[in-house]
Amino acid sequence: MGKSIVITGAAGFVGSNLAKRLLDRGHEVRGVDNLSAGTLENVDPRVEFHKADVRTPEIYPLFEKADAVFHLAAKTCLPECVDKPLEAASINVLGTLNVLEAARAANVPKFIFADTSAEYEGIDEFPTREEHIRPIGVYAASKHGGAAFCESYCQLYDMNVTILRYFNVYGPAQDWRRVIPPVMSSFIIRMLQGDQPIIYGTGQKRRDFVYVDDVNDFHLIVLEDQRANGKTFNVGSGINFSVKEVYQLIEDLLRTGLRPVYEPELPGEAEITLADITAAKSLGWEPRVEIMEGLRRSIAYFQSRVLKANVSLPGV
Ligand SMILES: NC(=O)c1ccc[n+]([C@@H]2O[C@H](COP(=O)([O-])OP(=O)(O)OC[C@H]3O[C@@H](n4cnc5c(N)ncnc54)[C@H](O)[C@@H]3O)[C@@H](O)[C@H]2O)c1
């Protein structure tokens, strides 16, 4: 039977993709987002959308009679978190606490929190398991604060909370408007527009990239599977690529002839991320979209939805 589900951050990258998947499955979705980073064009018209800030009391009525909450709203841009740590903490810690309170007040039986692999910044063990974390940067610390409250609510108020530590999620609707967008969308957009892609640092940093549909497959499992309650899961692909390799894969698909330009390293970024996904696999999940296919789909989206160009590119 269809559930009634609240998604915070519903106009953002992962939230908007998740909403579509849930709606296609016959669930009802109430979406909350203050549109500070997300956009209305991301939001499926079937979503009951509310423009609201997760830190305000006006979100409380939206949780009534909900069967589950996916709390994805966050300040996600790392350089902005470094510039404005108080705002990052206000949204990612207090905002999360307010969403937990709204869910508790409405007796929502299931709460799923979008945590981050940035929690592992100071851990040198690869692939990385869920047990040990060492958040260092402002973004990581603020997400950690939110996750810590999720754990408190799980213990104190018997709330069925699941914490998902996403690695580098990529795919359609990934935010490309930021000053420094995430690497995949940044490379694709620039190269489609005929601009050289920008690599910060040497390009040797390795990232575990996971396609958004795979992440949503796991969301659907967690929503139904009681074994996920009270647990934390890595959500990655279990494979990593260097930033330079990602450039080369995109170049292999687009054949633009554009070479990357190098700019100084961005502060506070881990050298390597690589997920141990044994725990997630134990619930029957498996990432299915390999990187070339994920890049093809992302390129197709950015071509048709963002650039609206009818450019025919080799390999895509
Ligand atoms: N995309 C990734 O690779 C990744 C990796 C690790 C963790 N995460 C986590 O997953 C979640 C979703 O990430 P995303 O990539 O979709 O980010 P995103 O920035 O695209 O989406 C976040 C959304 O939250 C909204 N928002 C921000 N502050 C708000 C507030 N005060 N009130 C209401 N809405 C607010 C923004 O407008 C935006 O639409 C975040 O919690 C993020 O920390 C994402």
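Look a little higher up for the structure.
Every value quoted in this text rests on a predicted model; they were computed, and no experiment measured them. (Residues numbered from 1 in each chain as written. Predicted model: local features only at pLDDT ≥ 70, side-chain atom pairs only at ≥ 80, totals over all residues. Heavy atoms only, no water.)

## Quick look at the side chain of lysine 143
Within the secondary structure layout, lysine 143 lies in helix α4 (residues 138–156). The charged side chain of lysine 143 is buried without a salt bridge, its nearest counter-charge being aspartate 115 at 5.6 Å. Here lysine 143 is in contact with Ala74, Asn92, Phe113, Ala114, Asp115, Thr116 and Glu119, once residues within four sequence places are set aside. (Helix = DSSP H or I, 4+ residues; strand = E, 2+ residues; numbered from the N terminus. Buried < 20%, exposed > 50% of the residue type's maximum accessible area, 1.4 Å probe, protein only. Lys, Arg positive; Asp, Glu negative; His and termini not counted. Salt bridge = Lys/Arg side-chain N within 4 Å of Asp/Glu carboxyl O. Contact = heavy atoms within 4.5 Å.)

## A few points about the site of the ligand
In the vicinity of the ligand, 30 residues are found, and the nearest of them are Val14, Asp33, Thr76, Tyr139 and Lys143. In this structure, serine 36 approaches the ligand through a main-chain N or O atom, which is 3.2 Å from an oxygen atom. Contact with the protein chains covers 94% of the free accessible surface of the ligand, which is 820 Å². Ranked by the residues each element gives to the shell around the ligand, the list is headed by strand β5 (residues 110–116), at three residues. Residue classes in the shell around the ligand are distributed as 16 nonpolar, eight polar and six charged. (Near = heavy atom within 4 Å. Polar contact = N/O pair within 3.5 Å; in protein donor to acceptor, adjacent residues only side chain to side chain. Areas by Shrake-Rupley, 256 points an atom, 1.4 Å probe, with all protein chains shown as cover. Nonpolar A, V, L, I, M, F, W, Y, C, P; charged D, E, K, R; others polar.)

## Quick look at the packing of aromatic side chains
Across all of its chains, the model carries seven aromatic pairs by this definition. For the ring pair tyrosine 170 and phenylalanine 209, a centre distance of 6.3 Å and an interplane angle of 90 degrees mean the geometry is edge-to-face. Placement of the pair is tyrosine 170 in strand β7 (residues 168–170) and phenylalanine 209 in strand β9 (residues 206–211), with a sequence separation of 39 residues. Looking at phenylalanine 209, the relative accessible area reads 5%, which means it is buried. Following the ring pairs from residue to residue traces out a cluster consisting of Tyr170, Phe209 and Tyr211. Its guanidinium or amino end placed over the ring of tyrosine 157, arginine 104 lies 4.0 Å from that ring's centre, counting from NZ or CZ. (Phe/Tyr/Trp six-rings, centres within 6.5 Å; stacked < 30°, edge-to-face > 60°. Lys NZ or Arg CZ within 6 Å of the ring centre and 35° of its normal.)

## Focus on the pairing of strand β2 (residues 28–33)
Here β2 lies mainly inside the structure; five of its six residues are buried. In this structure, strand β1 (residues 4–8) lies alongside β2, joined through five bridges in parallel fashion. When the bridges of β2 are listed, isoleucine 5 appears paired with valine 29. For the segment spanning β1, helix α1 (residues 13–24) and β2, crossover handedness is right-handed. (Pairing = 2+ DSSP bridges. Right-handed = clockwise from strand over helix to strand, strands pointing away.)

## Looking at the pattern of salt bridges
Scanning all chains against the criterion turns up 20 salt bridges. We note a salt bridge from glutamate 131 to arginine 129, for which the minimum N-O separation is 3.3 Å. Classification of glutamate 131 by relative accessible area gives exposed; the value is 52%. Residue classification places arginine 129 among the partly exposed positions, given a relative accessible area of 40%. Among the ionic contacts, a cluster of salt bridges with common partners joins Asp213, Glu293, Arg296 and Arg297.

## Focus: unusual backbone geometry
A cis amide bond, omega -10 degrees, links phenylalanine 126 with the succeeding residue proline 127. In this fold, proline 127 is placed in the loop between β5 and α4. Within the chain, leucine 35 stands out as a residue other than glycine whose phi angle is a positive 60 degrees. Structurally, the position occupied by leucine 35 is in the loop between β2 and β3 (48–51). By relative accessible area, which is 23% here, leucine 35 ends up partly exposed. At lysine 65, a position not held by glycine, the phi torsion is positive, near 65 degrees. By the element assignment, lysine 65 lies in the loop between β3 and β4 (68–71). For lysine 65, a relative accessible area of 76% corresponds to the exposed category.

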